[in-house]
Amino acid sequence: MSQHDYLDELIPAFTPLLAIKEASRCLLCHDAPCSQSCPAQTDPGKFIRSIYFRNFKGAAETIRENNALGAVCARVCPTEKLCQRGCSRSGIDTPIDIARLQRFVTDFEQRTNMQIYQPGRKDKGKVAIIGAGPAGLQASVTLCNLGYDVTLFEKEVQPGGWLRHGIPEFRLPQSVLDTEIARIVEMGVNLQCGCEVGKNITLAQLKSEHQAVLLTVGLSEGSSLPLFNDANTVEIAVDFLQRARGNGGKIAVPQSALVIGGGDVAMDVASTLKILGCSSVTCVAREELAEFPASVKEFTTTQALGVSIIDGFTPTAVTGNTVTFKHVRLPGELTLTAEHIILAVGQHAQLDAFTDIQVQRNTVDTHHYQTADPALFAAGDIVQGDKTVVYAVKTGKEAAQAIHHYLEEA
Ligand SMILES: Cc1cc2nc3c(=O)[nH]c(=O)nc-3n(C[C@H](O)[C@H](O)[C@H](O)COP(=O)(O)OP(=O)(O)OC[C@H]3O[C@@H](n4cnc5c(N)ncnc54)[C@H](O)[C@@H]3O)c2cc1C
Ligand code: SF4
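Here is what the cut-offs are and how they apply
- Residues numbered from 1 in each chain as written.
- Chains lettered and ligands numbered in written order.
- Predicted model: local features only at pLDDT ≥ 70, side-chain atom pairs only at ≥ 80, totals over all residues.
- Heavy atoms only, no water.
- Near = heavy atom within 4 Å.
- Polar contact = N/O pair within 3.5 Å; in protein donor to acceptor, adjacent residues only side chain to side chain.
- Areas by Shrake-Rupley, 256 points an atom, 1.4 Å probe, with all protein chains shown as cover.
- Helix = DSSP H or I, 4+ residues; strand = E, 2+ residues; numbered from the N terminus.
- Pairing = 2+ DSSP bridges.
- Axes fitted to C-alpha atoms, helices over the stretch in contact; angles between N-to-C directions.
- Phe/Tyr/Trp six-rings, centres within 6.5 Å; stacked < 30°, edge-to-face > 60°.
- Buried < 20%, exposed > 50% of the residue type's maximum accessible area, 1.4 Å probe, protein only.
- Domains from an automatic or database assignment.
- Contact = heavy atoms within 4.5 Å.
- Buried area = accessible area lost by both parts, 1.4 Å probe.
- Salt bridge = Lys/Arg side-chain N within 4 Å of Asp/Glu carboxyl O.
- Parallel < 35°, antiparallel > 145°, perpendicular 65-115°, else oblique.
- Nonpolar A, V, L, I, M, F, W, Y, C, P; charged D, E, K, R; others polar.
- Expected span 1.5 Å × (residues − 1).

(A) Quick peek at the site of ligand 1. In the region of ligand 1, 36 residues are neighbours, and Val76, Glu154, Arg171, Asp381 and Val389 sit closest. Within the backbone of Thr388, one N or O atom sits 3.4 Å away from an oxygen atom of ligand 1. Surface burial for ligand 1 is 96%, taken as the share of its 1,000 Å² of free accessible area covered by protein chains. Contributions of two or more residues to the shell around ligand 1 are made by helix H7 (134-145), strand S2 (149-154), helix H11 (237-246), helix H12 (264-275) and helix H14 (389-409). Examining the composition of the shell around ligand 1, we find that 3 residues originate from one element, H12, more than from any other.

Next comes the structure, spelled out in structure tokens:
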């Protein structure tokens, strides 16, 4: 594959006729188990019905009422664990391809320049949000719709969090993210990029100038393993992805690479390496196949690209470019050598600027998104729950509603 392919989406879009055909497979269940299985309540049961009746505008309105990142979720949601898991059609043949229908509708919305969101009134008070990842972006929309004057503070030059700097272009084109964010800015959300809270402005300052503050700083640092502390041939997965995405895929790739990890991030690293021309990529995961953390979509795409995936092995020693692994259950041992080693073993939060906040095992302590400081709320990856975009959307929305209730009662 050429480097140009890095910029193309791997999964093709539905045409209108194919979308209607797919929607016509829906059994129109009374209780819509697919809708109940979507964490963000994007309501696929309702928008699929609209597609079936050729009402694409109605379908787009349903998605946007519930999910400000509908076009992003359509591309990155692990649907087999969420909405599609609830699909009754699975009992007959295969579940409805909900994500692809959602993508069809949001692409249609963009192509026809629909203006579903309207500018907010801004008469309910001021709220600051720290971090413009999916949780912060969704919270800003919900608060704006409720009438608040919202400012989003983002430390990077561009907003989006891991949607911008982590998930590769072939799964989530930057143009899709840009369109989602442009829509949010048009509503009147004040976006201040290049402003790190704790460095350029303090939390105390934000609290004095706003009625409430929402913390959505995510897990912004790639983690390592103590075993690899002195290994200088090792790169952290999110650093590699950031490097590849930042350069539009124009980076030097090794001839052989070893990726350690079995989640979506590991699959993204392995697929990106393959697409960019690395001939031999091996991915070794501690989890066994039955409990593999990566989504089915990611796992199958990575395998189809020719990556060797080995499950159930954990690293025990590293010498230069050689890593020794032992099997988690069986007596087996494995030794692999590669030009480049990449560690994809998770991310953690960087909360040095927020010393008063109580943190336990990488998550901020909250009660209904409210921290011990009643005017300070938290959402997204830094609160308890799944570490996915759709969960960040859900928690961003719910935290915004919690802020609204708090300010209404104040
Ligand atoms: C490589 C990769 C692939 C992934 N693939 C998927 C996938 O396929 N599907 C899926 O559902 N999920 C996926 N995820 C997980 C998903 O991206 C996260 O769960 C989601 O982005 C979390 O959203 P968030 O808003 O909580 O935080 P983030 O996305 O981490 O956003 C936090 C934002 O806060 C900013 N920030 C941090 N500190 C400060 C500060 N002091 N001041 C101002 N701004 C600050 C950061 O710069 C960042 O923009 C993936 C993650 C990675 C890393
Ligand atoms: S947002 Fe994600 S989980 Fe929810 S219906 Fe859409 S694709 Fe499914």
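Read on, since the account is not over.
(B) Structural view of the sheet that holds strand S7 (residues 256-260). If you walk across this open sheet you meet the 5 strands as S6-S13-S7-S8-S9, and the pairing is parallel. The open sheet has two edge strands, strand S6 (234-236) and strand S9 (308-311), and neither has a second partner. Sheet twist, expressed as the mean angle between neighbouring strand axes with direction ignored, is 20°. Relative to strand S13 (residues 340-343), S6 runs parallel, the two sharing 3 bridges.

(C) Molecular detail of the packing of aromatic side chains. For the structure shown, the criterion picks out 6 aromatic pairs. Residues Tyr52 and Phe53 carry aromatic rings whose centres are separated by 5.0 Å and whose planes lie at 70° to one another, so their mutual orientation is edge-to-face. The class for Tyr52 is partly exposed, based on a relative accessible area of 31%. Phe53 gets classed as exposed once you look at its relative accessible area, which sits at 57%. When the ring of Phe104 is compared with that of Phe108, the centres are 6.3 Å apart and the planes differ by 35°; the resulting orientation is tilted. Highlighted residues: Phe104 and Phe108, both in helix H6 (residues 98-111), separated by 4 residues, approximately one helical turn. Owing to a relative accessible area of 21%, Phe108 belongs among the partly exposed residues under this scheme.

(D) Summary view of the domain arrangement of the protein chain. With domains assigned, the protein chain is organised as domain 1 (3-111), domain 2 (126-220 + 349-409) and domain 3 (222-347). Centre-to-centre, using C-alpha coordinates, domain 1 lies 31 Å away from domain 3. Contact residues are listed per partner, giving 13 residues for domain 1 and 15 residues for domain 3. Summed over both sides, the interface of domain 1 with domain 3 buries roughly 1,000 Å², with 60% coming from carbon and sulfur. Here domain 1 is connected to domain 3 by 0 salt bridges.

(E) A look at the sheet that holds strand S11 (residues 322-327). Ordered by their spatial adjacency, 3 strands build an open sheet running S10-S11-S12, and the pairing between neighbours is antiparallel. Two strands close off the open sheet at either side, each with one partner strand: strand S10 (313-319) and strand S12 (333-337). Direction aside, neighbouring strands of the sheet carry axes that sit 25° apart on average. Pairing geometry for S11 and S12, over 5 bridges, is antiparallel. Paired with Phe325 across the two strands is Leu334, which belongs to S12.

(F) Broad picture of the packing of helix H4 (residues 56-66) against H6. One way to put it is that H4 packs onto H6 with a least axis distance of 9 Å and a crossing angle of 105°. The angle between H4 and H6 places the two elements in the roughly perpendicular class. Here Phe56, Ala59, Ala60, Ile63 and Arg64 of H4 lie close against H6, whose contacting residues are Gln102, Phe104, Val105, Thr106, Phe108 and Glu109. Here the contact of H4 with H6 is built from residues that sort into 7 nonpolar, 2 polar and 2 charged.

(G) The environment of Leu227, seen in detail. Relative to the helices and strands, Leu227 is located in the loop between strand S5 (221-222) and S6. Between the C-alpha atoms of Leu227 and Arg243, which are 16 residues apart in sequence, the distance is 24 Å. Sequence-distant contacts of Leu227, that is, excluding residues within four places in its chain, are made with Pro315, Thr316, Ala317 and Val318.

(H) Quick look at the site of ligand 2. Taken together, Cys38, Thr42, Pro44, Asn67, Cys73, Cys77, Thr79, Leu82, Cys83, Gln102 and Val390 make up the full set of residues near ligand 2. Grouping the amino acids of the shell around ligand 2 by side-chain chemistry returns 7 nonpolar, 4 polar and no charged.

(I) Layout of H6. Relative to the 20 Å expected for 14 residues at 1.5 Å per residue, H6 spans 20 Å between its end C-alpha atoms, a close match to the ideal helical length. Every buried residue of H6 is listed here: Ile98, Ala99, Leu101, Gln102, Arg103, Phe104, Val105, Thr106, Asp107 and Glu109. Just downstream of H6 lies Asn113, where phi reads positive at about 55°.

(J) Quick peek at unusual backbone geometry. Positive phi outside glycine occurs at Asn113, with the angle close to 55°. As for its placement among the helices and strands, Asn113 is situated in the loop between H6 and strand S1 (126-130). Asn113 sits in the exposed class, given a relative accessible area of 54%. A positive phi angle is found at Tyr369, which is not glycine, with a value near 75°.

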